[in-house]
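Structural characterization, general
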Amino acid sequence: MIDLALIVIGFAGLLVGGNWLVDGAVGLATRWGVSPLVIGLTLVGFGTSMPELVTSVQAALAGSPGIAIGNVVGSNIANILLILGLTCALSPMVVARATLQRDGLVMLGATGAALVLVLWGSITRPMGLLLVAGLALYLVSALRRGEDNLDCISDTPAAPLWRASLGVLGGLIVTILAARALVSGAVAVAASWGVSEALIGVTIVAVGTSLPELVTSIVAARKGQAEMAFGNIIGSNIFNVLGILGVTALVRPMQVPAQFVTLDIWVMTAAALAVLVMGATGRRISRGEGAALLAGYTAYTGFLIFG
């Protein structure tokens, strides 16, 4: 009963925290004179990835590389196939060419780096340092172009700075704590069923720690901030590989479980390519394409469970 209560509390907390985070982030974007896209790529995208960071580091320290790596790979798969798919199925999303050329290619490069590391079979401290350095370069670049796309900023009066900042801080804290409660309950339930560590990592833990992105993206899209929703997903995927894998490897080098080579890393790579192709061909991701992404996630999880 305690584990089920944690799951319910986690879902409720994510809904509340997601609303606070989006409202606060839009307020900061207006106050600072930067576009919602840049806020989504950095503050929101990285902030909503904090549950993945905490979970992966804790798993690595506990000697569970399957959960640590599976959390990152599974989260990136869920971000695109599940979260972006569901968000676009509810509300078609226009994708700017500049976003694909800059941030989309960075995401593709990070995905390629993850593919190489998984095929290599281990993630060492020097490799982790290179990943973190890449994240730092990307973050500096994103902040330097923070005044791009100013026409995307709402003309409505901005909320007071203290209120927007409090909304972002409170939203991040609530989503992180809620995700942790949800994951704790879900992992306990799954473990009682005798599910493997790696499978827990790419499914229960990955989806649980990705729920802040899910809630934040859907809320942002419904509030007319599609750019923030897209930036949140792209920024989160970049941070997951460069930041989370990098920091986790710095804390404790990891051997990559063999099962990631056979399926998961290839699904993650295909998902990244798919979203870039969808955005590049039509300058938007339609409801039908969103449904196709969701179908892909259903097939992937179905194969994991029943294959």
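Calculation notes
- Residues numbered from 1 in each chain as written.
- Predicted model: local features only at pLDDT ≥ 70, side-chain atom pairs only at ≥ 80, totals over all residues.
- Heavy atoms only, no water.
- Axes fitted to C-alpha atoms, helices over the stretch in contact; angles between N-to-C directions.
- Helix = DSSP H or I, 4+ residues; strand = E, 2+ residues; numbered from the N terminus.
- Parallel < 35°, antiparallel > 145°, perpendicular 65-115°, else oblique.
- Left-handed = near helix turned anticlockwise from the far one by under 90°.
- Contact = heavy atoms within 4.5 Å.
- Nonpolar A, V, L, I, M, F, W, Y, C, P; charged D, E, K, R; others polar.
- Phe/Tyr/Trp six-rings, centres within 6.5 Å; stacked < 30°, edge-to-face > 60°.
- Buried < 20%, exposed > 50% of the residue type's maximum accessible area, 1.4 Å probe, protein only.
- Expected span 1.5 Å × (residues − 1).
- Bend = angle between axes of the 7 residues up to and from the residue.
- Core = buried A, V, L, I, M, F, W, Y, C linked by side-chain atoms within 4.5 Å.
- Polar contact = N/O pair within 3.5 Å; in protein donor to acceptor, adjacent residues only side chain to side chain.
- pLDDT = per-residue confidence, 0-100.

Attention now moves to the packing of helix 3 (residues 50-61) against helix 7 (residues 161-192). The geometry of a pair of packed helices is captured by two quantities: the angle between their axes and the separation between those axes. Two elements in contact, helix 3 and helix 7, have axes whose closest approach is 9 Å; the angle formed by their N-to-C orientations is 45°. By the criterion of interaxial angle, the relationship of helix 3 to helix 7 is oblique. Where helix 3 crosses over helix 7, the handedness of that crossing is right-handed. In this structure, helix 3 uses M50, P51 and Q58 to contact helix 7, whose residues at the interface are T175, I176, A179 and R180. Of the residues assigned to the contact of helix 3 with helix 7, the class counts are 4 nonpolar, 2 polar and 1 charged.

Another point: the packing of helix 5 (residues 97-120) against helix 6 (residues 125-144). Where helix 5 contacts helix 6, the axes come no closer than 12 Å and their chain directions differ by 175°. Put simply, helix 5 runs roughly antiparallel to helix 6. Where helix 5 approaches helix 6, its residues D103, V106, A113, L117 and W120 are matched on the opposing element by M127, L131 and Y138. The residue makeup of the contact of helix 5 with helix 6, split by class, is 7 nonpolar, no polar and 1 charged.

The next point concerns the packing of aromatic side chains. Tallying each qualifying case throughout the model produces 1 aromatic pair. Ring geometry for Y297 versus Y300: centroids 6.2 Å apart, planes at 50°, classification tilted. With Y297 and Y300 both in helix 11 (residues 287-306), this residue pair falls 3 residues apart, about one helical turn. Just as Y297 is buried, Y300 falls in that class too.

Glancing now at helix 5. An α-helix turns once every 3.6 residues. As a result, residues three or four positions apart point the same way. Between its first and last C-alpha, helix 5 extends 33 Å over 24 residues, near the 34 Å set by a 1.5 Å rise per residue. Of all the bends in helix 5, the largest measures some 30° and sits at G104. Residues T99, L100, D103, G104, M107, A110, T111, A114, L115, L117 and V118 constitute the buried set of helix 5.

For the rest of this paragraph, the subject is the environment of D3. By the element assignment, D3 lies in helix 1 (residues 2-32). Put simply, D3 and A181 are 178 residues apart on the chain and 8.7 Å apart in space, counted from C-alpha to C-alpha. Ignoring anything within four residues of it in the chain, the contact list for D3 reads G185, A188 and V189.

On to the nonpolar core. Counting residues in hydrophobic clusters, the biggest one holds 87 residues, and the most contacted among them are I80, L84, I123 and F230. Residue contributions to this core peak at 13 residues, all from helix 4 (residues 65-90). Residues within four places of I80 in sequence aside, it is in contact with G85, M107, I233, N237, A271, A272, V275 and L293.

Turning our eyes to something else, we now look at the side chain of S75. With respect to the helices, strands and loops of the structure, S75 is situated in helix 4. Within the local environment of S75, its side chain forms a polar contact with the backbone oxygen of N71, the two atoms lying 2.6 Å apart. The residues contacting S75, other than those within four sequence positions of it, are E52, G70, A206, T209, S210, N237 and N240.

Turning our attention to the environment of I123. Relative to the assigned elements, I123 resides in strand 2 (residues 122-123). Residue I123 is classed as buried on the basis of its relative accessible area, which comes to 2%. Between the C-alpha atoms of I123 and T248, which are 125 residues apart in sequence, the distance is 9.2 Å. Contacts of I123, omitting those with residues within four sequence positions, involve I69, L117, L245, A249, P253, M254 and V256.

Let us look at the confidence of the model for the chain. Across the chain, the average pLDDT comes to 82, with 89% of residues at 70 or higher. Per-element mean pLDDT across the chain ranges from 68 in helix 2 (residues 36-47) up to 94 in strand 2. In this model, residues 148-156 is a region of pLDDT below 50 whose contacts with residues beyond four sequence positions or in other chains number 18 contacts.

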